[in-house]
Amino acid sequence: MKISCSAGRDGLYHSRQLLCACCNPPDPGAACSGIAGRFELHGMGHPDFTELHELEALIADGGHWLETQVACEVAVGERRFPVYALALGNPDPALPVVGFFGGFHGLERIGTAVVLAYLRTLVRRLPWDSILQRQLEAVRLVFMPIVNPGGMWRGTRANPNGVDLMRNAPVEAQEKPPFLLGGQRLSARLPWYRGPQGAAMEAENLAVCRLVEREFLSRDFGIAIDCHSGFGISDRIWFPYAHTATPIAHLPEVLALKEIYDQAHPNHRYVFEPQSRQYLAHGDLWDYLYQRASAAPERIFLPLTLEMGSWLWVKKNPRQLFSRHGMFNPQIEHRQQRVLRRHVAWLDFLARAACGYRLWLPDAATRERYRERALRHWYWRAKA
Ligand SMILES: [Zn+2]
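Parameters and conventions
- Once a new chain begins, its residue numbering starts again from 1 and follows that chain's sequence as written.
- Owing to the predicted nature of the model, reporting of local features is limited to residues with pLDDT of at least 70; listing and counting of side-chain atom pairs is limited to 80 or more, with chain, interface and lining totals taken over all residues.
- Only runs of H or I of at least four residues qualify as helices and only runs of E of at least two qualify as strands under DSSP, and these elements are numbered from the N terminus.
- A residue pair is marked as a contact if its C-beta atoms, positioned from the backbone, fall within 7 Å.
- Note on definitions: angles span 0 to 180 degrees between N-to-C directions of axes, and those axes are lines fitted to C-alpha atoms, for helices only across the stretch in contact.
- Two helices crossing with the near one rotated counterclockwise from the far one by less than a right angle form a left-handed crossing, whereas a clockwise rotation gives a right-handed crossing.
- By the convention adopted, Pro, Cys, Tyr, Trp, Phe, Met, Ile, Leu, Val and Ala count as nonpolar, Lys, Arg, Asp and Glu as charged, and the other residues, Gly among them, as polar.
- Strands pair, by our definition, only if DSSP identifies at least two bridges between them.
- The exposure scheme places C-beta atoms from the backbone and then counts, for each residue, the other C-beta atoms within 10 Å of its own, assigning buried at 20 or more, exposed at 12 or fewer, and partly exposed in between.
- Here, expected helix span is obtained from the residue count minus one, scaled by 1.5 Å.
- Scored from 0 to 100, pLDDT reflects the predictor's confidence in each residue.
- Oblique is the label for every angle not falling under 35 degrees (roughly parallel), over 145 degrees (roughly antiparallel), or within 65 to 115 degrees (roughly perpendicular).

**Considering the overall build of the chain**
A count of helices and strands for the chain gives eleven helices and ten strands. For the chain, the share of sequence-separated contacts (at least 6 apart) that also reach a separation of at least 24 residues comes to 77%.

Laid out in structure tokens, this is it:
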């Protein structure tokens, strides 16, 4: 498959280049240098892989609005799948960034569906929504909707090497995590496999790290949202850490974000909490990237995880229990639509919150009071 850019000038942020590594190595020389245009997909792409097919259709529709890259490629037998990274909005490193990630776990297709639904609404609105166009002058948005296409194609949580990408980063849990669930190196045949001791991270995770390095570590403020589905009856928004019950340095900023959301959406159903309140784990990629980002004290990087409560769907349709995909994804169309509507609104909130971050972040005078309230809310009560 090849995607090419054709001309048309409109002075807005536009794509630089795109070539799919399936048939051509990415060529930075193919940049369309100031000329906005329309991407055309040549060849079939991946018509038998619903989510990837949909993403490629959006790339084609998004044309010059999107900067698209094949961040890496993953092989499953004879097949090769691209891991796409997309960006839109103002590339100025002085501006904030929001990253939308999905599909780390191949079975959790609803996470990818939520990210694609948000990307779709942006792509479809951009030609006429002048307010959105203005918003994108003030923020950078990046997308990696299918981090683990090999796992999604095979219908497994892990990647094709049997590695759980959310247990694969070089971070050790400081307290004892739950057996297996917290990450294990016994066997790739068991779930939650971390990968071999001492090995580099998996290619998909290295691609995420490169994207975060390029788009987040060059900026003072960024939020990432990574969409998953898991057991439970609540939709949860997790923040680091997963490897320790010790609070992160940016607890005041997380509380401030939660509070502006609570105020604007008083009927929301999300439970905000540090992931460590549910379970501890080795190898969490967001813990690793948060620690890397926080090496620069002036930088604020808030990686959040949306953990959709799959028991909500199973409870209403218990037959789902008998299918592997049914455990993690809504199986009835109207339920899927409701799930997408609800979470797309949350993703859109994050893009707006990032635009105006200077208006709601606690200042030096109030920060300690925020921290104290956050500790009382999430940590002291948890210990009691
Ligand atoms: Zn997951």
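**A short note on the packing of helix α2 (residues 109-125) against helix α9 (residues 333-355)**
Running from N to C, α2 and α9 cross one another at 65 degrees; their axes reach a closest spacing of 9 Å. The element α2 and its partner α9 pack so that their crossing is right-handed. From α2, Ile 110, Ala 113, Val 114, Ala 117, Tyr 118 and Thr 121 reach across to α9, where they touch Val 339, Leu 340, His 343, Val 344, Leu 347 and Asp 348. Looking at the contact of α2 with α9 residue by residue, the classes come out as nine nonpolar, two polar and one charged.

**Thoughts on the sheet that holds strand β8 (residues 236-239)**
Strand order in the open sheet formed by eight strands is β3-β4-β6-β5-β7-β10-β8-β9, and the pairing between neighbours is mixed. Looking along the sheet, the strands with just one partner apiece sit at the ends: β3 (67-76) and β9 (271-274). In this sheet, adjacent strand axes meet at a mean angle of 20 degrees when their direction is disregarded. Of the strand pairs in this sheet, strand β4 (residues 79-89) and strand β6 (residues 140-144) are connected by four bridges, and their pairing is antiparallel. Bridged to Ala 87 within β6 is Val 142. The sheet strands contacting helix α7 (residues 285-293) are β7 (221-230) and β10 (300-309), and the helix crosses β10 at an angle near 165 degrees. Packing of α9 onto the sheet brings it into contact with β5 (97-102), β6, β7 and β10, and relative to β7 it is tilted by some 165 degrees.

**Considering the pairing of β3**
Summarising burial for β3: seven of the ten residues are buried, a large majority. Sheet topology places β3 next to β4; nine bridges connect them, and they run antiparallel. Across the sheet, Cys 72 pairs through a bridge with Val 83, a residue of β4. Here β3 folds back onto β4, and the loop between the two strands holds two residues, one of which, Gly 77, carries a positive phi near 60 degrees.

**Points about unusual backbone geometry**
Cis peptide bonds are those with omega within 30 degrees of zero, and the linkage from Pro 240 to Tyr 241 qualifies with 10 degrees. Examined against the element boundaries, Tyr 241 turns out to sit in the loop between β8 and α6 (251-264). Although it is not a glycine, Leu 180 sits at a positive phi angle of roughly 65 degrees. With respect to the element layout, Leu 180 can be found in the loop between α4 (149-154) and α5 (203-215).

**Comments concerning the environment of Ile 225**
Relative to the elements of secondary structure, Ile 225 occurs in strand β7. Assessed through the 24 C-beta atoms surrounding it within 10 Å, Ile 225 is described here as buried. Along the sequence, Ile 225 and Phe 100 sit 125 residues apart, while their C-alpha atoms lie 5.1 Å from each other. Apart from the residues lying within four places of it in its own chain, the contact partners of Ile 225 are Phe 100, Leu 304, Leu 306, Leu 347 and Leu 350.

**Quick word on α2**
With 17 residues, α2 should reach 24 Å at 1.5 Å per residue; the first-to-last C-alpha distance of 24 Å fits that figure. When you tally the buried positions in α2, you get twelve out of 17 residues, the bulk of the element. Burial in α2 covers these residues: Arg 109, Ile 110, Gly 111, Thr 112, Ala 113, Val 114, Val 115, Leu 116, Tyr 118, Leu 119, Leu 122 and Val 123.

**Looking at the confidence of the model for the chain**
In this model, the chain carries an average pLDDT of 87, and 87% of its residues clear a pLDDT of 70 or more. Residue range residues 1-40 is modelled with pLDDT below 50. Its contacts to residues more than four positions away, or to other chains, number 92 contacts.

**Considering the packing of helix α1 (residues 50-62) against α2**
For any two helices packed against each other, the geometry is given by the interaxial angle and the distance between the axes. The interhelical angle for the contact between α1 and α2, taken along N-to-C directions, is 15 degrees, at an axis separation of 11 Å. Of the possible angle classes, the one that applies to α1 and α2 is roughly parallel. The two elements α1 and α2 meet at a crossing, and its hand is left-handed. In contact with Glu 51, Glu 54, Leu 55, Leu 58, Asp 61 and Gly 62 of α1, α2 contributes Arg 109, Thr 112, Leu 116, Leu 119, Arg 120 and Val 123. Grouping the constituent residues of the contact of α1 with α2 by class yields five nonpolar, two polar and five charged.

**Observations concerning the environment of Glu 259**
Along the chain, Glu 259 falls in helix α6. In this structure, the C-alpha to C-alpha distance between Glu 259 and Trp 360, residues 101 residues apart in sequence, is 9.4 Å.

**A short note on the environment of Arg 236**
Looking at the element boundaries, Arg 236 is found in strand β8. Judged by C-beta crowding, with 20 C-beta atoms within 10 Å, Arg 236 ranks as buried. Residues Arg 236 and Gly 309 lie 73 residues apart in sequence; the distance between their C-alpha atoms is 7.3 Å. Beyond its immediate sequence surroundings of up to four residues, Arg 236 is in contact with Tyr 270, Val 271, Glu 273 and Glu 307.

**Regarding α6**
With 14 residues, α6 ought to run about 20 Å at 1.5 Å a step, and its terminal C-alpha atoms sit 20 Å apart, in line with that. All buried positions along α6 are accounted for by Leu 251, Pro 252, Glu 253, Val 254, Leu 255, Ala 256 and Leu 257.

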